[in-house]
Amino acid sequence: MLDQMAIVPVLFQETAPVGHVPQEVPAIGSEGEATSANPVEAPTPPSSPEEGLPIDIGAEQQTVEHNDIVVTARPGHAPGDPLQAVNAQAFAITQTVDKAVVAPVAMTYQRALPGSVRGAIRNFFNNLAEPVAFLNFLVQLKPGKAAETAGRFAINTTVGVAGMIDVARKKPFKLPRRSNGFANTLGYYGVKPGPFLFLPLIGPTTVRDLIGLGIDRMVLPSAFGQPFNQPTYTVPASIVGSLDYRVQFDSQLRELKDTPDPYAASRRNYLEGRQAEIDALHGRTSPQPITRRTLPVFP
């Protein structure tokens, strides 16, 4: 401790200006009288014409000029996106593939099938997601919404011709569709989303949502078995569902692409939308539509 105290005056010693004539500093003798001492020499100015010395402070190399230190940090990543560099590359590749393949095929799908037919296909897949929503409403201790979801599934599966017609949302039933999943249940009980991910074939997601999606996809194969566990169903269903998704959200995707930073806009859109859905389960906000895949049959 004493050694550290002895160093402090040296660190904060005032530097004499260049050209200053050193003066003798009186020293105190044993009797308290001033005695002559060696003069204090002024520090030698830098021989280099550049002022200051470079120092490494763990960021970019900086220069001390006129006793001022300026720190410039290296570029980092956005909060919640520690894999931003990898995610951005995956996003760029996905956009290239979408422009060359997915979007043209989706637009052909749109032109080839009337809107009523595409709507029936969408309703069919939405109806298959109702058992997943039902189970999660039960786990979230929301028996009323679970009963409504079970009612929707029963009505649309029978009267609605295997779910292709959404009869339940019309009079006299008036049962609205409420999407739900295990990722929502995890968020409802306080599980944080974890790092943001952008994955090929899946798109924007988080660690929590990726785990929840995997569990959701096991519900139909586990509960009903064939054909939901057979590639003859899962592959065509995934392709058709993905094309319909691409058509349905084409305008929103174009808006994201027109932003200064499409990757950041896509990430923000996804995270804000997911948080809105979880807040809605707590009754804090109304769920907002977001550009993401919600069906368990999607790739």
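Scroll up to find the structure this text is about.
Together, I93, V97, V101, V102 and V105 give the surface a local cluster of nonpolar side chains, amounting to about 390 Å² of exposed area. With respect to the helices and strands, V101 occurs in helix α2 (residues 84-112).

A few words on the packing of aromatic side chains. The full count for this structure, using the stated rule, is nine aromatic pairs. Centre to centre, the rings of F124 and F125 are 5.5 Å apart; their planes meet at 65 degrees, and the pair counts as edge-to-face. Taking relative accessible area as the criterion, F124 reaches 27% and is therefore assigned partly exposed. Taking the relative accessible area as the measure of exposure, F125 reaches 7% and is therefore buried. Here the aromatic rings of Y188 and Y189 are separated by 5.0 Å at their centres, their planes lie at 85 degrees, and the arrangement is edge-to-face.

Below, the discussion takes up helix α7 (residues 207-224). Over its 18 residues, α7 runs 27 Å from end to end, which matches the ideal 26 Å to within 8%, given 1.5 Å per residue. Inspection of α7 places R208, D209, G212, L213, D216, V219 and L220 among the buried residues, and these make up the whole buried set. Of the surrounding elements, those touching the buried residues of α7 are α3 (115-128), α4 (130-139), α6 (182-188), β6 (203-206) and α10 (262-281). Within two residues after α7, G225 carries a phi angle of roughly 70 degrees, on the positive side.

On to the pairing of strand β5 (residues 196-199), then. The pairing of β5 with β6 spans four bridges and is classified as antiparallel. Pairing of L197 across the sheet is with T205, part of β6. The hairpin formed by β5 and β6 contains three residues between the paired strands, and L201 there has a positive phi angle of roughly 70 degrees.

The geometry of a pair of packed helices is captured by two quantities: the angle between their axes and the separation between those axes. Contact pair α4 / α7: the axes reach a minimum separation of 9 Å and the direction vectors enclose 115 degrees. Put simply, α4 runs roughly perpendicular to α7. Where α4 crosses over α7, the two elements pack in a sense that is right-handed. The residues of α7 that touch α4, namely those facing P131, V132, L135 and N136, are D216, V219 and L220. Its residues placed into classes, the contact of α4 with α7 shows five nonpolar, one polar and one charged.

Thresholds, definitions, all that
- Residues numbered from 1 in each chain as written.
- Predicted model: local features only at pLDDT ≥ 70, side-chain atom pairs only at ≥ 80, totals over all residues.
- Heavy atoms only, no water.
- Patch = residues over 30% accessible without salt bridge, like charges linked within 9 Å, V, L, I, M, F, W, Y side chains within 5 Å.
- Areas by Shrake-Rupley, 256 points an atom, 1.4 Å probe, with all protein chains shown as cover.
- Salt bridge = Lys/Arg side-chain N within 4 Å of Asp/Glu carboxyl O.
- Helix = DSSP H or I, 4+ residues; strand = E, 2+ residues; numbered from the N terminus.
- Phe/Tyr/Trp six-rings, centres within 6.5 Å; stacked < 30°, edge-to-face > 60°.
- Buried < 20%, exposed > 50% of the residue type's maximum accessible area, 1.4 Å probe, protein only.
- Expected span 1.5 Å × (residues − 1).
- Contact = heavy atoms within 4.5 Å.
- Pairing = 2+ DSSP bridges.
- Axes fitted to C-alpha atoms, helices over the stretch in contact; angles between N-to-C directions.
- Parallel < 35°, antiparallel > 145°, perpendicular 65-115°, else oblique.
- Left-handed = near helix turned anticlockwise from the far one by under 90°.
- Nonpolar A, V, L, I, M, F, W, Y, C, P; charged D, E, K, R; others polar.

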